[in-house]
Amino acid sequence: MQYLLMLFSEEGAWSRMSQADQQRGVAAYQAYTQALKEAGVWVGSNRLQDTGTATTVRLVEGKSQVLDGPYIDSKEQLGGYYLIEAPDLDAALGWAARCPGASHGTIEVRPVWAMSGTSAA
Amino acid sequence: MGNVRDLRSVSDAAAARAAASTVARRSYGKLLAYLAADMHDVSAAEDALSEAFAAALADWPANGCPDQPEAWLMTVARRKGIDGTRRHRTGDAVAAQLRAIADMQAECMHADGEDDAFPDRRLALLFACTHPAIDASVRAPLMLQTVLGLDAKTIASAFLVSPEAMGKRLGRAKQKIREAGIPFVIPEREAWSGRLDGVLDAVYATYAEGWSDPDEADLVRRDLADEAIFLARLLVELLPQEPEAMGLLAGMLYAQARRSARRNAQGDYVPLAKQDISLWDAAAIDEAEALLQRASAFKHIGRYQLEAALQSAHIERRRSGRTDWTPEVQLYGALLALTGSPVVALNRALAVAELEGLQVALAILEDLSVDKRLTDYQPYWAALADLLARAGQKTRAHHAYEIAIGLTRDAAVRRFLQDRQAGLDP
């Protein structure tokens, strides 16, 4: 089964870190990604630009409404994700606990809705 | 902000609360064990006990505490049990009431919580919870819920499982106990070896989960280590002729003694060899040594006594100022022969590295690398990285550190490994 690990954390914390700590942080994520890959668990992952770059779109009565900023304006924001392949939720939670993001933020673990008839890559 | 007196009254209140919880927890396990054995049904016993607690919360404040609160609760619970009104509560309902009743009950009970109104059947309950017919992964959680009254959410968090899944598993296990007719009895001596291992393993698994939060950040996990020690003490008390129970408690006390030395003042990880001995808890170590001594008098060695003996060897430098690796290698060898565990094999290899050299140890790790159980095991990669680094194989060491860093759950260990990895560069 595939699980999406959504990494929520306080955006401002990153810019307040020293350069050395930032490097260390990036290296920890690289090591985590590497460990996921070697275990054959990794499907995909990305870090997102901060919510200052976010734009929301929706259609209201047929007209598109475009707004500047994130959908939910809160202190902790989605900063990135990992998509992993794990046999069950327990295994996915085990991997989530190892993510550096679990130490400085919160990780939401959600199973991917399995589509019948479509082949997963 | 707070002055000294405020702090003291806060800590007094906390101490009173802890004492109350201990008393309540003791009697909770005793009451539930007795009821479950009586009704052959853990869920029904939880239901009945929950009803009795609700009655106590309503009755005691108005009419005063009864002389024998446990007997009072038992009488009411049995009557409710016979009523047969099933509300199909989970253990959580009782766990919540347990907290509410803790303070009240402590006032009416003697400080040691002894109340001999009915026999202690907690050991039989422990055997039922760890019966081989019950899935191994749920034995420790079930034990924590029934004997200690922890709620499913707390247990789930400690075992890194979703609360919903943990609730379901606990429910299934209780159903199995009822429907398969798992007995609430202490097995005959002949059948003991396997069955007692089940009990000891579940207590040990509880401790291991508690120990794995060296940050001390996670209250649930830290408490779990204390709960495990509580259970091990209970086992030693209930099984005074069982050296393995003593070995289990001794091993956990040794580990607990070194607990706060695992971090320095900055919160950085400190490996065993670099720990400040003065931070080790001498009283806990003395108690562990005495237990191990007592166990050895039975001349019946087992896994947990070996584990404890190893813990004792780990802290040898407290006495002699140095570590003697010969007994470490021998003890790990004996433990490996007994358990066949790849984790024991890994630890033995690290002791071998000190005694016979890096190449011998690296060869052992090479053999172990085919074991799938070690593929995601962070300490394997950290150990491999360390040995490779010491052997001057920097490229391979760098890679092994990378995997170890990626597998760790602990931020301080992550920092420690990152520093080691960075230290590889000239």
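About the cut-offs
- Residues numbered from 1 in each chain as written.
- Chains lettered and ligands numbered in written order.
- Predicted model: local features only at pLDDT ≥ 70, side-chain atom pairs only at ≥ 80, totals over all residues.
- Helix = DSSP H or I, 4+ residues; strand = E, 2+ residues; numbered from the N terminus.
- Buried ≥ 20, exposed ≤ 12 C-beta atoms within 10 Å, placed from the backbone.
- Contact = placed C-beta atoms within 7 Å.
- Pairing = 2+ DSSP bridges.
- Axes fitted to C-alpha atoms, helices over the stretch in contact; angles between N-to-C directions.
- pLDDT = per-residue confidence, 0-100.
- Parallel < 35°, antiparallel > 145°, perpendicular 65-115°, else oblique.
- Left-handed = near helix turned anticlockwise from the far one by under 90°.
- Nonpolar A, V, L, I, M, F, W, Y, C, P; charged D, E, K, R; others polar.
- UniProt positions renumbered as here; feature names shortened; annotations may be inferred.
- Core = buried A, V, L, I, M, F, W, Y, C linked by C-beta atoms within 7 Å.
- Domains from an automatic or database assignment.

### Observations regarding the overall build of chain B
Then, number 1: What chain B contains, in helices and strands, is 20 helices and 0 strands.
Then, number 2: Sorting the 426 residues of chain B into buried and exposed places 46% on the buried side.
Then, number 3: Sequence separation of 24 or more characterises 66% of the internal contacts of chain B that already satisfy a separation of 6 or more.

### A short note on the sheet that holds strand 6 (residues 106-111) of chain A
All names here are of chain A.
Then, number 1: Spatial strand order, 2-5-1-6: 4 strands in an open sheet with antiparallel pairing. The sheet terminates laterally at strand 2 (42-47) and strand 6, the two strands that pair on one side only. Neighbour-to-neighbour, the strand axes of this sheet turn through a mean angle of 20°, independent of strand direction.
Then, number 2: Pairing geometry for strand 1 (residues 2-10) and strand 5 (residues 76-85), over 9 bridges, is antiparallel. Note on strand 5: the bridge partner recorded for Leu 5 is Tyr 82.
Then, number 3: With respect to the sheet, helix 2 (residues 19-38) is in contact with strand 2 and strand 5, its orientation differing from that of strand 2 by roughly 165°.

### Brief notes about the confidence of the model for chain B
Residues and elements named next belong to chain B.
Then, number 1: Mean pLDDT for chain B: 85, with 85% of residues reaching 70 or above.
Then, number 2: Under a pLDDT of 50 for its full length, residues 1-8 has, in the predicted model, 1 contact with residues more than four places off or in other chains.
Then, number 3: Reported confidences for the modelled complex are a pTM of 0.79 and an ipTM of 0.78.

### Looking at the environment of Gly 171 of chain B
Residue and element names in this part refer to chain B.
Then, number 1: Structurally, Gly 171 can be placed in helix 8 (residues 163-179).
Then, number 2: Taking the number of C-beta atoms within 10 Å as the measure of exposure, Gly 171 has 17 and is therefore partly exposed.
Then, number 3: Between the alpha carbons of Gly 171 and Ala 228 there is a distance of 22 Å; along the sequence they are 57 residues apart.

### A word on the packing of helix 19 (residues 394-407) of chain B against helix 20 (residues 411-422) of chain B
Residue and element names in this part refer to chain B.
Then, number 1: At a closest axis distance of 9 Å, the pairing of helix 19 and helix 20 adopts a crossing angle of 165°. Judged on the interaxial angle alone, helix 20 and helix 19 are roughly antiparallel. Crossing geometry of helix 19 relative to helix 20 is assigned as left-handed. Contacts from His 398, Tyr 401, Ala 404 and Ile 405 of helix 19 reach helix 20 at Arg 414, Leu 417, Gln 418, Arg 420 and Gln 421.
Then, number 2: Residue classes in the contact of helix 19 with helix 20 are distributed as 4 nonpolar, 3 polar and 2 charged.

### With respect to the UniProt feature "domain: YCII-related" (unreviewed entry) in chain A
Then, number 1: Within the UniProt annotation, "domain: YCII-related" (unreviewed entry) is assigned to residues 1-115 of chain A.
Then, number 2: Secondary structure across residues 1-115 of chain A divides into 35% helix and 37% strand, with the first and last C-alpha atoms of the span separated by 11 Å.

### What about the nonpolar core?
Side chains of a nonpolar character, in soluble globular proteins, are inclined to be buried together.
All names here are of chain B.
Then, number 1: Ranked by internal contacts, the top residues of the largest apolar core, which has 137 residues, are Leu 49, Val 203, Ala 250, Ala 385 and Ala 404.
Then, number 2: Top element by residues in this core is helix 11 (residues 243-257). It accounts for 10 residues.
Then, number 3: In contact with Leu 49, not counting residues within four places along its chain, are Leu 31, Leu 32, Leu 35, Ala 77 and Val 94.

### Examining the pairing of strand 5 of chain A
Then, number 1: The sheet contact formed by strand 2 of chain A and strand 5 of chain A spans 5 bridges and is antiparallel. Bridge pairing in strand 5 of chain A places Arg 47 of chain A opposite Gly 80 of chain A.

### Thoughts on the domain arrangement of chain B
The extent of an interface is frequently quoted as the accessible surface area lost upon association of the parts.
Then, number 1: Split into domains, chain B comes out as domain 1 (1-118), domain 2 (121-239) and domain 3 (376-426).
Then, number 2: If you average the C-alpha positions of domain 2 of chain B and of domain 3 of chain B, the two centres end up 34 Å apart.

### Comments concerning the interface of chain B and chain A
Then, number 1: Counting residues at the interface gives 16 residues for chain B, matched by 17 residues for chain A.
Then, number 2: Going through the elements one at a time, helix 19 and helix 20 of chain B are the ones with two or more residues in the side of chain B that touches chain A.
Then, number 3: Counting residues per element, the side of chain B that touches chain A draws most heavily on helix 19 of chain B, at 5 residues.
Then, number 4: Here the residues of the side of chain B that touches chain A sort into 7 nonpolar, 5 polar and 4 charged.

### A short note on unusual backbone geometry
Residues and elements named next belong to chain B.
Then, number 1: Residue His 40 is not a glycine yet carries a positive backbone phi of 55°.
Then, number 2: Mapped onto the elements, His 40 comes out in the loop between helix 1 (4-39) and helix 2 (42-63).
Then, number 3: Phi at Leu 160 is positive, roughly 55°, even though this residue is not glycine.
Then, number 4: Inspection of the secondary structure assignment puts Leu 160 in the loop between helix 7 (152-158) and helix 8.

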